[in-house]
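Per-entry structural report
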Amino acid sequence: MPNILKVTTPTTGYDNMNNVKANPELQNPVNVQGAVNPAKVVKPDARSDASGQPDDMRFQFETNFDTFVQQLKNMPVLAEELPKLLNEFAGMTVESGMGSGFAAEVAEFLKMINVSPENIGSLLKAQVQSSVRYTGAFFALLRRVLSETQSVELKNGILNFLKKYTDMAEGGNVLSDIQRDMNEIRQRMMPKAREQAEHFEQRMIYNTDSGGGTPEQKAENLRTLKSDLLPYLNSYISKTHDRGVLRDTVAHMADLTGRYENGQSEGVLKAFEKLFDYQTMQQYFQGFDIGKLFDVLAGTEYEKAIQQNQEMGKLADIIRKGASGEAGPENSQAFMRIMEAVVLNESVYMPVLHVMMPVCVDGQMMFSEMWVDPDADGNGGEQARESGGQRNIRGLVKFDIEDLGFFDMFFSYGRERVSMQINIPDGLEEDSRKIQEDIRRILSEHSIETEELVLGKSNISIPITEAFPRLRERKNSINVSV
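Criteria and thresholds
Residue indices follow the written sequence of each chain, beginning from 1 at its first position. Residue-level local features of this predicted model are given only where pLDDT is at least 70; pairs of side-chain atoms are given and counted only at 80 or more, and the full residue set underlies all totals for whole chains, interfaces and linings. By convention in this description, side-chain values take in all heavy atoms of the structure and omit both hydrogens and water. Strands here are runs of E lasting at least two residues and helices are runs of H or I lasting at least four, both read from the DSSP assignment and numbered beginning at the N terminus. To sort residues, take the accessible area from a 1.4 Å probe on protein chains only and compare it with the maximum for the residue type: under 20% means buried, over 50% means exposed, and anything in between is partly exposed. Two residues form a contact once any of their heavy atoms are found within 4.5 Å. Calculation of accessible area relied on Shrake-Rupley with a 1.4 Å probe; when residues are assessed, cover is drawn exclusively from the protein chains displayed. To estimate the expected span of a helix, subtract one from its residue number and multiply by 1.5 Å. Only strands that DSSP links by at least two bridges are regarded as paired with each other. A crossover gets the label right-handed when its path from the first strand over the helix to the second runs clockwise, viewed with the strands pointing away from the viewer. Helix axes are fitted only over the stretch in contact, all axes being lines through C-alpha atoms; the angle between N-to-C directions runs from 0 to 180 degrees. Confidence scores here are pLDDT values: one per residue, from the predictor, ranging 0 to 100. Should an angle fall under 35 degrees it is called roughly parallel, over 145 degrees roughly antiparallel, and 65 to 115 degrees roughly perpendicular, with every other angle called oblique. Two helices cross in a left-handed way if the nearer one is turned anticlockwise from the farther one by less than a right angle. They cross in a right-handed way if the turn is clockwise.

**Thoughts on the overall build of the protein chain**
A count of helical and extended segments in the protein chain gives 20 helices and seven strands. Across the 482 residues in the protein chain, those meeting the buried criterion constitute 37%. A separation of at least 24 residues holds for 64% of the contacts in the protein chain among residues at least 6 apart in sequence. Accessible surface, the protein chain: about 29100 Å² in total, of which carbon and sulfur atoms supply 50%.

See the structure below:
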């Protein structure tokens with residue numbers, strides 16, 4: 001009988017455990033995914049939350065900024081795409097699938113942009129002024145207060161006032177969006193419920209001027225929205241359990257209602273009056289008549305320019321209608337990409353000024369798109385003092401001229417000297433020397449020294465991310481990543 005309790009030295013050569021190979025399928029199963037139990041920690045398996053999921057259900061680990069940069073790479077060049085579409089519809093009669101007035105609107109827009117060569121400079125200035133709201137002496141003083149004060153409360157007060165002022169100035173656009181949401185909501189409601197919603201909506205006064213109506217009209221609209229229309233729509237969603245597009249549209253309309261209420265003129269005036277509790281504000285705005293605040297805001301360069309700049313409003317309507325299908329179903333995708341590109345250039349992540357300028361000079365169509373960084377060094381105040389009061393300005397201009405082709409121009413300007421690269425179409429290569437001489441002459445007439453001038457081919461468009469490397473750094477953009 002063997003003594004199983006006796007400790008003995010094992011005989012060598014009989015231990016074959018080292019020759020047994022583990023089954024990799026059992027050690028690390030590659031196809032087995034354990035159940036998700038948030039109440040306890042389990043050993044890792046083949047589950048991956050970042051892969052193996054359908055594209056529409058896969059979690060996006062990139063930030064909003066990363067998505068913005070990726071969209072910039074895929075963004076179409078408006079100076080190339082939009083003129084082709086406009087020329088296609090110019091003079092076109094109504095065809096199958098096209099809205100009855102779309103071609104006429106395109107023809108009307110082309111008439112609006114007819115300018116003489118000597119008026120192009122003033123038109124460009126008006127376009128820039130209508131692209132930046134916070135310009136002029138009034139906002140320059142507010143910037144100085146923001147930069148010099150150490151009071152967090154004062155800074156928050158100024159930002160709160162600017163938000164209220166923006167909502168007030170955009171009141172007409174906000175009201176138009178509310179009306180558009182209501183049109184979408186009515187189409188998705190039951191007939192009987194739709195009649196009740198239309199009954200409430202009849203009280204709305206859609207005065208879509210710059211302020212969204214008089215104070216009395218805005219007060220009546222807010223009473224209708226907050227007391228009747230929105231509560232009724234929310235009740236309808238609860239009863240019908242409609243959790244799709246209808247609920248999303250009502251939620252969007254509720255957000256617009258908050259902006260519409262935030263832009264009440266009384267609230268704007270009270271927010272500005274509250275700023276005068278601080279000595280820094282009193283120092284810079286000494287002698288300012290608070291009662292004339294709205295006259296000052298209505299007289300800024302932006303407000304004057306936006307009243308005269310009717311062309312861009314018309315172009316925005318054409319793009320919106322084309323994206324909604326009024327240009328024909330075969331063109332809706334092209335207009336949708338153009339709309340996305342326009343909105344992307346107005347993103348909070350875009351730290352440079354974006355301007356579009358369509359013109360028709362002597363019957364020749366030209367569409368320009370430009371991006372300008374007025375502080376390319378990233379330290380405007382200190383660099384400006386070192387350079388004698390001037391900052392380094394960097395810009396990218398893309399323009400398409402009918403019958404000539406597409407051009408790319410990148411420049412860097414500072415201390416009255418400019419370095420420039422211009423990519424020209426292949427058909428103008430023979431005239432490259434004359435083009436260089438003419439550019440140098442024009443710059444010299446404006447007291448600008450040409451430090452470097454390079455001509456290239458416009459076969460490949462200059463990417464925005466290469467022209468403005470700081471786009472990737474996020475140092476001068478608003479971080480709203482979640």
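Having seen the structure, we can now continue with the description.
**Here's the deal with helix α7 (residues 152-169)**
An ideal rise of 1.5 Å per residue puts 26 Å on 18 residues; α7 measures up with 26 Å between its terminal C-alpha atoms. Every buried residue belonging to α7 is among Leu 154, Gly 157, Ile 158, Phe 161, Leu 162, Lys 164, Tyr 165, Thr 166, Asp 167, Met 168 and Ala 169, and all of these are buried.

**Observations regarding the environment of Tyr 302**
On the secondary structure map, Tyr 302 appears in helix α15 (residues 301-308). A residue is classified by how much of its surface remains accessible, and Tyr 302, at 11% relative accessible area, is buried. Along the sequence, Tyr 302 and Val 128 sit 174 residues apart, while their C-alpha atoms lie 8.9 Å from each other.

**Section: the pairing of strand β6 (residues 417-424)**
Where strand β5 (residues 405-414) and β6 come together, seven bridges link them in antiparallel fashion. Residue Gly 414 lies in a different strand from β6, and its bridge partner there is Arg 417. Here β5 folds back onto β6 in antiparallel fashion, the turn holding two residues, of which Arg 415 has a positive phi close to 55°. Relative to strand β7 (residues 449-457), β6 is paired through eight bridges, and the arrangement is parallel. Bridge pairing links Asn 423 to Gly 456 in β7. Taken together, β6, helix α19 (residues 432-445) and β7 form a β-α-β motif whose crossover is right-handed.

**Concerning the sheet that holds β6**
One open sheet holds the seven strands; their spatial order is β1-β2-β3-β4-β5-β6-β7, and the pairing between them is mixed. The strands lining the two open edges of the sheet, one partner per strand, are β1 (114-115) and β7. Note: strand β4 (residues 393-401) against β5, nine bridges, orientation antiparallel. Residue pairing in the sheet places Arg 394 in a bridge with Ser 412 of β5. Against the sheet, helix α3 (residues 78-89) contacts β2 (353-361), β3 (364-373), β4 and β5, and its axis sits at roughly 155° relative to β3.

**So, unusual backbone geometry**
Phi is positive for Arg 415, close to 55°, though the residue is something other than glycine. Looking at the element boundaries, Arg 415 is found in the loop between β5 and β6. In this structure, Glu 416 takes a positive phi of about 60° despite not being glycine. If you trace the backbone, Glu 416 turns up in the loop between β5 and β6.

**Observations concerning the pairing of β2**
Burial runs high along β2: eight of the nine residues are buried. Relative to β2, β1 runs parallel, the two being bridged by two bridges. Along β2, the bridge assignment pairs Val 115 with Val 361. In this sheet, β3 lies alongside β2 in antiparallel orientation, the contact comprising nine bridges. Looking at the pairing, Val 359 lines up with Met 366 of β3.

**Details of the confidence of the model for the protein chain**
Any segment with low pLDDT has predicted coordinates that should not be analysed in fine detail. Looking at the protein chain, the pLDDT average stands at 81 and 80% of residues meet or exceed 70. Low pLDDT (under 50) marks residues 93-97, which in the prediction has seven contacts with non-local residues, meaning those over four places away or in another chain. Taken together, the stretch residues 381-387 has pLDDT below 50 and engages in seven contacts with residues farther than four places along the chain or on a different chain.

**Focus: the packing of helix α10 (residues 215-240) against helix α11 (residues 245-262)**
For the pair α10 and α11, the least separation of the axes is 11 Å and the interaxial angle reads 160°. Considered as vectors, α10 and α11 are oriented roughly antiparallel to each other. Taken as a pair, α10 and α11 cross one another with a handedness that is left-handed. In this structure, α10 uses Lys 218, Asn 221, Leu 222, Leu 225, Lys 226, Leu 230, Leu 233, Asn 234, Tyr 236 and Ile 237 to contact α11, whose residues at the interface are Leu 246, Arg 247, Val 250, Met 253, Ala 254, Thr 257, Tyr 260 and Glu 261.

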